[in-house]
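The lines below spell out each chain.
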Amino acid sequence: MTDRVHVNARTDIGCVRELNEDSFLASDPVFVVADGVGGHARGEVASRTAVECLARHLPAGSALDPERVIEAIEAANTEVRALSNSDVVGTSTAGTTLSGVVRVTQPSQQGDRWMVINVGDSRVYSWDGNRVEQVTTDHSVVQELVEAGLITPDEALHHPDRNIITRALGSGDRVDVDAVFIPDSEVVAFLICTDGLTRELSDPRISEILRGNPDDPADALVDAAVAAGGHDNVTVLFIPTVTAL
Ligand code: MG
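Residues numbered from 1 in each chain as written. Predicted model: local features only at pLDDT ≥ 70, side-chain atom pairs only at ≥ 80, totals over all residues. Heavy atoms only, no water.

Caption draft 1: Inspection of the pairing of strand 5 (residues 98–104) at higher detail. The element strand 5 is largely enclosed, with a buried count of seven among its seven residues. Burial along strand 5 is two-sided: the face carrying Leu98, Gly100, Val102 and Val104 and the face carrying Ser99, Val101 and Arg103 are both buried. Two elements, strand 3 (residues 30–37) and strand 5, share four bridges in a ladder whose sense is antiparallel. From the neighbouring strand, Val32 faces strand 5, where its bridge partner is Gly100. Alignment of strand 5 against strand 6 (residues 113–119), held across seven bridges, turns out to be antiparallel. In the sheet register, Gly100 faces strand 6, and the bridge partner there is Ile117. (Buried < 20%, exposed > 50% of the residue type's maximum accessible area, 1.4 Å probe, protein only. Helix = DSSP H or I, 4+ residues; strand = E, 2+ residues; numbered from the N terminus. Pairing = 2+ DSSP bridges.)

Caption draft 2: How the structure looks around the packing of helix 1 (residues 41–57) against helix 2 (residues 66–83). Packing of helix 1 against helix 2 brings their axes to within 9 Å, and their N-to-C directions diverge by 145°. In this structure, the crossing between helix 1 and helix 2 has a hand that is right-handed. Here helix 1 contributes Val45, Ala46, Thr49, Ala50, Cys53, Leu54, Arg56 and His57 to the contact with helix 2, which in turn contributes Arg68, Ala72, Ile73, Ala75, Ala76, Glu79, Val80 and Leu83. When its residues are assigned to classes, the contact of helix 1 with helix 2 shows 11 nonpolar, two polar and three charged. (Axes fitted to C-alpha atoms, helices over the stretch in contact; angles between N-to-C directions. Left-handed = near helix turned anticlockwise from the far one by under 90°. Contact = heavy atoms within 4.5 Å. Nonpolar A, V, L, I, M, F, W, Y, C, P; charged D, E, K, R; others polar.)

Caption draft 3: Broad picture of unusual backbone geometry. Here Asp28 and Pro29 are connected by a cis peptide whose omega angle stands at 15°. Within the secondary structure layout, Pro29 lies in the loop between strand 2 (22–27) and strand 3.

Caption draft 4: Structural detail: the layout of surface pockets. In this structure, the largest pocket encloses a volume near 550 Å³. Lining the largest pocket are 25 residues, with Arg123, Asp138, Pro153, Ala156 and Leu157 sitting closest to its centre. Those elements giving two or more residues to the lining of the largest pocket turn out to be strand 7 (123–127), helix 3 (141–147), helix 4 (153–158), helix 5 (195–198) and helix 6 (203–212). Of the residues forming the lining of the largest pocket, the biggest block, four residues, is contributed by helix 4. (1 Å grid on protein atoms, 1.4 Å probe; cavity = no way out; pocket = protein on both sides within 12 Å on 5 of 7 lines; lining within 4 Å. Points joined across faces, edges and corners; volume = space filled by probe spheres on them.)

Dropping the structure here:
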């Protein structure tokens with residue numbers, strides 16, 4: 001099964017930042033991005049710690065039990081939380097977003113399903129071959145303002161608080177993970193990205209780039225985000241689902 005999921009993945013430091021604090025794991029059945037929070041090396045260590053913890057806890061090769069995925073995320077939360085109390089990051093808080101998809105089995109369901117997970121403001125989109133649609137809901141101050149009707153989604157892009165997230169791995173002893181399940185047959189591909197992509201490119205522009213670059217979608221999106229300013233680190237994973245191949 002491993003060779004049936006072909007991922008196109010790319011990360012770039014961008015044009016402004018001195019470090020790339022994004023990390024990713026793209027090893028079937030686990031595909032996640034993490035965007036470190038905390039400034040300088042703190043964010044870098046936090047995002048790397050989270051994805052390395054998932055890699056250790058979740059074996060590669062076959063679909064997983066969803067409960068095991070949640071346990072691995074809780075373990076990652078504990079490890080990132082511990083960074084804030086260690087010499088690695090001094091006395092400052094370290095945190096990271098975590099978003100992605102994991103191929104899972106559910107006893108009550110026929111066939112493989114995808115577990116879409118999210119903590120923070122990195123995103124998972126579904127791709128139907130024509131348009132992207134955001135699956136995850138951002139855990140951010142601006143998302144709350146949009147939902148309250150106080151600002152529009154366009155205003156959120158330029159809001160001074162646009163970088164403030166309301167959930168992160170490492171911010172507390174427990175982590176609240178959003179999880180939804182999608183049958184493999186319902187999606188052509190998943191796009192997983194950090195906010196370095198969505199800060200630079202609108203959803204219609206992302207769809208347009210995907211339509212024009214079927215062979216190297218992640219490379220094309222990262223190149224476009226960097227060309228648009230590259231104000232943040234940018235990481236993109238593009239994962240065709242099994243049924244689509
Ligand atoms: Mg970012």
